[in-house]
Each structure stands twice: as structure tokens, then as C-alpha cells.
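Topology and contacts: notes
Residue strings, one per chain:
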Amino acid sequence: MTIAVSPQSLPALVLNADYRPLSYYPLSLWSWQDAIKAVFLDRVNIIAEYDHSVSSPSFSMRLPSVVCLKTYVQPSRNPAFTRFNVFLRDRFECQYCGSHDDLTFDHVIPRAHGGETTWENVVAACSPCNLRKGSKLPKQAGMFPAQKPYQPSVQDLHNNGRLFPPNYLHDSWLDYLYWDSELQP
């Protein structure tokens, strides 16, 4: 699974005031129009630029490829409980068979048996596995998730998001992504 980013659209990577991306998945990108607007509103510093420029009759400016917020945005401590974040926690993989196709989510303890829709009871599942398990308990169905469902931290989701980079990464972004990657000698 990758996020489609068009290099022709010249997006700007958005960094927090600590020079880390606001998010890794999806990667925090702004359109070039939004980046320029933020520059003129004095909300960001330009860190790197593309070779392309935009012009008006009285002004010309190279398009920003990396911008850094002037004010630090405190990241959320707890990620929102959304279908997307469940999939990201589970690495876009069915927790029963490992498939990456036709994902939905499954209540490990079915709602018919009192199971709740919470981080600790919902896992990513492909439609065939979800249908096969139905409203049975894991022991009845003989189906157990590969990983016990849990409430992830924002860092957990960031780490998993790094496993699914966009289809396009501009060279000017690379110094600000994957901070824990090994340096080349």
C-alpha cells in the first residue's frame, strides 16, 4: 500500500518546528499553493526549494519543497480510533491470514457476544476471513489474530507508517524522513 504523490504537483513536505514531519502516513504534504500562502502569512520558513518558480507581474518566487512551521504543533498523545488507524496499526494486513486485499475490520469478541468497538477488540481482517469467522468467538472459529489488538501510541503508528512510503519522495525531503535510518559511510 502506498500513497500516490504526483511529482508534477510539486508538493511541499511540512515539518513541525522541531524539523520532524507532522505525520509519516499519510506523509505531511501541502500543495504548492498552500505552501506559498503559509509563507506569505509568515507561518513557515522555507527550508528547501524546487527549481520551478511562480510569478506575478511584480514578483517571482521559487516553489518551496520543504517548509517548517514557525510554531510547534503538539502532536496528539492518543491517535484517533479510526478504520485507517486500525489498518495502519495492523500494517494493512489481515490478522488471520496475512492478506493485504479487501480489508475490513473484525471484532475479535463479536458484538453479538458483548464485544465492544475498541482498540483492544478490533483487528484488520480481509472480507473472506471476516465472513468465515462471522459472529463466532475465536476459539469456536479456530481463528486467532496474529497480534493481540491494542491501543497504539502515535509513535507506533508513525513507525508503521514508515513501512509504507509514498510512491514519490523528492530528494530534498530525504534528510527529514526516516530519522532512525542508518547513515551511509
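Since this is a predicted model, take the numbers as computed values, not measurements.

Before going further, it helps to examine the overall build of the protein chain. Of regular secondary structure, the protein chain possesses five helices and six strands. Secondary structure elements of the protein chain, listed N to C terminal, follow the sequence β-β-α-β-β-α-β-β-α-α-α. With respect to the principal axes defined by its C-alpha atoms, the protein chain has extents near 70 × 40 × 30 Å. Within the span of the protein chain, comprising 185 residues, buried residues form 39% of the whole. Long-range contacts, defined here as pairs at least 24 residues apart, represent 61% of the contacts in the protein chain between residues at least 6 apart. As presented, the protein chain carries roughly 10,900 Å² of accessible surface, and 52% of it is formed by carbon and sulfur atoms. Charge-centre separation for the protein chain: the mean point of 16 positive side chains lies 9 Å from the mean point of 17 negative side chains.

Each assigned domain of the protein chain is listed with its residue range as follows: domain 1 (12-75 + 166-176) and domain 2 (83-140). Put simply, the middle of domain 1 and the middle of domain 2, counted by C-alpha atoms, are 37 Å apart.

What follows deals with the sheet that holds strand 3 (residues 44-56). Taken in spatial order, the four strands of this open sheet run 2-1-4-3, and their pairing is mixed. Each edge of the sheet is formed by a strand with only one pairing partner; in this case those strands are strand 2 (29-30) and strand 3. Of the strands in this sheet, strand 1 (12-15), strand 2, strand 3 and strand 4 (59-69) are in contact with helix 1 (residues 32-40), which crosses strand 4 at around 90°.

Scored by pLDDT, the protein chain has a mean of 89; 92% of the residues are at 70 or more. Per-element confidence in the protein chain is highest for strand 6 (residues 122-126), whose mean pLDDT is 97, and lowest for helix 5 (residues 154-161), whose mean pLDDT is 86.

As recorded in UniProt, the sites labelled "domain: HNH nuclease" (unreviewed entry) are residues 81-131. The straight-line gap between the two end C-alpha atoms of residues 81-131 is 23 Å; of that span, 24% is helix and 20% is strand.

So, about the environment of Pro165. Among the structural elements, Pro165 can be located in the segment after helix 5. In this structure, the C-alpha to C-alpha distance between Pro165 and Ser127, residues 38 residues apart in sequence, is 25 Å.

A separate point is the pattern of salt bridges. Under the defined criterion, the tally for this structure stands at six salt bridges. Taking the shortest distance from any N to any O, the salt bridge between Glu49 and Arg62 comes out at 3.5 Å. Highlighted residues: Glu49 in strand 3 and Arg62 in strand 4, separated in sequence by 13 residues. Using a relative accessible area of 34% as the deciding quantity, one classes Glu49 as partly exposed. What makes Arg62 partly exposed here is its relative accessible area of 37%. Among the ionic contacts, a cluster of salt bridges with common partners joins Glu49, Asp51 and Arg62.

Time to look at helix 5. Taken as a whole, helix 5 has its buried residues at Leu157, His158, Asn160 and Gly161. One side of helix 5 holds all its buried residues, which, seen down the axis, span an arc of 165°. On its buried face, helix 5 is in contact with helix 2 (83-89).

Rules used in this analysis
Residues numbered from 1 in each chain as written. Predicted model: local features only at pLDDT ≥ 70, side-chain atom pairs only at ≥ 80, totals over all residues. Heavy atoms only, no water. Helix = DSSP H or I, 4+ residues; strand = E, 2+ residues; numbered from the N terminus. Buried < 20%, exposed > 50% of the residue type's maximum accessible area, 1.4 Å probe, protein only. Contact = heavy atoms within 4.5 Å. Areas by Shrake-Rupley, 256 points an atom, 1.4 Å probe, with all protein chains shown as cover. Lys, Arg positive; Asp, Glu negative; His and termini not counted. Charge placed at Lys NZ, Arg CZ, Asp CG, Glu CD. Domains from an automatic or database assignment. Pairing = 2+ DSSP bridges. Axes fitted to C-alpha atoms, helices over the stretch in contact; angles between N-to-C directions. pLDDT = per-residue confidence, 0-100. UniProt positions renumbered as here; feature names shortened; annotations may be inferred. Salt bridge = Lys/Arg side-chain N within 4 Å of Asp/Glu carboxyl O. Arc of directions from axis to C-beta.

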